[in-house]
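Architecture at a glance
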Amino acid sequence: MERKAVRRRVLPGIAMITALAAGVTGLAGCTDGNGMGITSDQKGGGSTAAPAQPGKYRSLPQPCKAADSKRLKAMLPAADSLTTQQREQLYAGTAEPSFDGDRHVGCRWNAQAPEGTLLLSVTFERVVSYDRAAASDDDKAHTVFVRRLTDAHLPFPGITGSPSPSTAPGASASPAQPSGSPASAPAPASAPPSASPSAPASAPASPSAAPELGSRVLEGLGNEAYLDDKLSPAGASAAQSRTVRIVFRTSNVLVTIEYSVQPSGPAAIPSSAETQDKTRQLAQALAERFSE
């Protein structure tokens, strides 16, 4: 009888322990590991950043038709001997071969004039980021632009402020010379006729030297831009040719314009100011075309 009583007391105790153990196991399965009883999302989707939106431009215009005919005629004057059909072919340009017209397109022009050979090319490149969670299309295009800027051996846009301070000391040095020459200033005052002709003669000298700026970063053209001006070395018989290249970025598109002037005579040197001005005018017109 005593054994039966013991069994009756032990069995309910074992059942209670089993029930408690099952309850603890159930609670452990419902908690998030912190004992708060809240089920957590094991995917962690909230911590991942949303991918950037695609770039502004999804396609590219035709470069042979994007250039303004008026500027083309100014950059590529046709010879008088050309017929109307030949002139139309000249300004129509020749499209460059492309495997993807929405990613990379280009056009070239070639004009033969008595004064020399004129070459012009326009290229559009649309940059696409294949991982927009890490970088947007614009960021990727900026990276490509910086790489080309580096290849051209030009300073980054943020460093353009350093050359101006360096020229400032030079400008302060030039005033220092006039400060030391007031003694000679009265002498020109005694001879006003000779001083007045000398002033105009020196005035044109400074503007003629100013356009020879060479390669540099440009402002006010697209999101960022630079100009690369190169003059071929002089030869005994070959003429020096000048090539001006402008590259600018607008959103996720890079535009490259290259204008080359090759004189027919070895003594002629293409003007840097004129070549740069024509190239920049075309670049500004194309930038406005993209902003439409």
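Residues numbered from 1 in each chain as written. Predicted model: local features only at pLDDT ≥ 70, side-chain atom pairs only at ≥ 80, totals over all residues. Heavy atoms only, no water.

Observations regarding the nonpolar core
Judged by nonpolar contacts, the single largest core of 36 residues is most densely connected at Leu76, Leu120, Phe124 and Leu286. In this structure, Val127, Val144, Leu149 and Leu254 belong to the second largest nonpolar core, which totals eleven residues. (Core = buried A, V, L, I, M, F, W, Y, C linked by side-chain atoms within 4.5 Å. Buried < 20%, exposed > 50% of the residue type's maximum accessible area, 1.4 Å probe, protein only.)

Focus: the pairing of strand β5 (residues 224-231)
Burial runs high along β5: six of the eight residues are buried. Pairing analysis gives three bridges linking strand β4 (residues 216-218) to β5, with the strands arranged antiparallel. Of the residues in β5, the one forming a bridge with Arg216 is Leu227. The antiparallel hairpin formed by β4 and β5 contains five residues in its connecting segment, where Gly220 sits at a positive phi of about 80°. Of the pairings in the sheet, the one linking β5 to strand β6 (residues 242-250) comprises eight bridges and is antiparallel in character. Following the sheet pairing, Leu231 is matched in β6 by Arg242. (Helix = DSSP H or I, 4+ residues; strand = E, 2+ residues; numbered from the N terminus. Pairing = 2+ DSSP bridges.)

Focus: the layout of surface pockets
The space that makes up the largest pocket amounts to roughly 270 Å³. The wall of the largest pocket is formed by 18 residues, among which Glu115, Leu118, Val261, Glu274 and Lys278 lie closest to the centre. Where the lining of the largest pocket is concerned, the elements lending two or more residues are α3 (69-75), β3 (116-126), β7 (253-263) and α9 (272-291). Broken down by class, the residue content of the lining of the largest pocket amounts to ten nonpolar, five polar and three charged. (1 Å grid on protein atoms, 1.4 Å probe; cavity = no way out; pocket = protein on both sides within 12 Å on 5 of 7 lines; lining within 4 Å. Points joined across faces, edges and corners; volume = space filled by probe spheres on them. Nonpolar A, V, L, I, M, F, W, Y, C, P; charged D, E, K, R; others polar.)

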